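# A structural walkthrough
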Amino acid sequence: MEENHVETEVILAIPNCQIVEIKNGQKNPITTGILNVVTLPDGQKTVAVNEWAYTLAKEIPVMKNDYGYVFPHMECFFGIMFTENPDSDLEDAFETILHDSATFLVRTAELSEVQVDIKEEKKTSKTDKFKKYADKGSKWMKASLIKGATKASKGLQSGGKYLKKKLKKNEEETKVSAGTKTKLIM
């Protein structure tokens, strides 16, 4: 039986890592070991612990919260938690890789704040809840529009550069008829 081997390069290794599956609010441990970030031959980065692996992509958001890092999957989420505090340089390097290779989001909230929010939410009226959710929705829409406008702007810039390369200056003088000139003057 022939095995296929792919050449990879380990660019970061962080010990004492645990992978958990998060589904329906429950955390189920999958594996524990050394977190390796590897570069594949096509340049993509993959996060791996033992047999578990997750390929990073700019289109996929990865979130850091107070408990670790959360990666979306088809019907669940995967969490990466460090069982011991890693060296800050290693964690900074890991976050830099996430920032460069995925849409990296950071969320910090104290557990007590979350619990207080839940208690307050139960006390609020339906109108207040609607206002709160409408406000959250408008903030997400604003952020999405800004991101879309930024992407569109970059696309227009690159399109403009492309057109400047392809368009040539007219070497002949442009002739405008007398009728057109009188219409423009009026």
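Report on the accompanying structure.

Rules used in this analysis
- Residues numbered from 1 in each chain as written.
- Predicted model: local features only at pLDDT ≥ 70, side-chain atom pairs only at ≥ 80, totals over all residues.
- Heavy atoms only, no water.
- Patch = residues over 30% accessible without salt bridge, like charges linked within 9 Å, V, L, I, M, F, W, Y side chains within 5 Å.
- Areas by Shrake-Rupley, 256 points an atom, 1.4 Å probe, with all protein chains shown as cover.
- Salt bridge = Lys/Arg side-chain N within 4 Å of Asp/Glu carboxyl O.
- Lys, Arg positive; Asp, Glu negative; His and termini not counted.
- Charge placed at Lys NZ, Arg CZ, Asp CG, Glu CD.
- Helix = DSSP H or I, 4+ residues; strand = E, 2+ residues; numbered from the N terminus.
- Buried < 20%, exposed > 50% of the residue type's maximum accessible area, 1.4 Å probe, protein only.
- Phe/Tyr/Trp six-rings, centres within 6.5 Å; stacked < 30°, edge-to-face > 60°.

This part covers a positive patch on the surface. A surface patch of positive charge is lined by Lys 161, Lys 164, Lys 165, Lys 166 and Lys 168. Considering the arrangement of structural elements, one finds Lys 164 in helix H3 (residues 126–166). Given a relative accessible area of 70%, Lys 164 falls into the exposed group.

This part is about the packing of aromatic side chains. Counted under the stated rule, the structure contains seven aromatic pairs. Between Tyr 69 and Phe 104, the aromatic rings sit 6.4 Å apart at their centres with planes inclined by 25°, giving stacked as the arrangement. Placement of Tyr 69 in strand E6 (residues 68–72) and of Phe 104 in strand E8 (residues 103–106) is noted, with a sequence separation of 35 residues between them. An identical accessibility class is assigned to Tyr 69 and Phe 104; each is buried. An angle of 85° between the planes, with centres 6.4 Å apart, marks the rings of Phe 82 and Phe 94 as edge-to-face. Of the two residues, Phe 82 is situated in strand E7 (residues 77–82) and Phe 94 in helix H1 (residues 88–101); the sequence distance between them amounts to twelve residues. Accessibility classification places Phe 82 together with Phe 94 in one group, the buried group.

Opposite charge on two side chains lets them pair, provided their charged atoms get close. A full pass over the atoms with the stated rule returns two salt bridges. Salt-bridge contacts for Glu 91 lead to Lys 64; the nearest nitrogen and oxygen are separated by 3.8 Å. Linking Glu 91 in helix H1 with Lys 64 in strand E5 (residues 61–65), this pair joins segments that are 27 residues apart in sequence. Here Lys 64 ties to Glu 95 by a salt bridge, and the two come within 2.7 Å at their closest N and O atoms.

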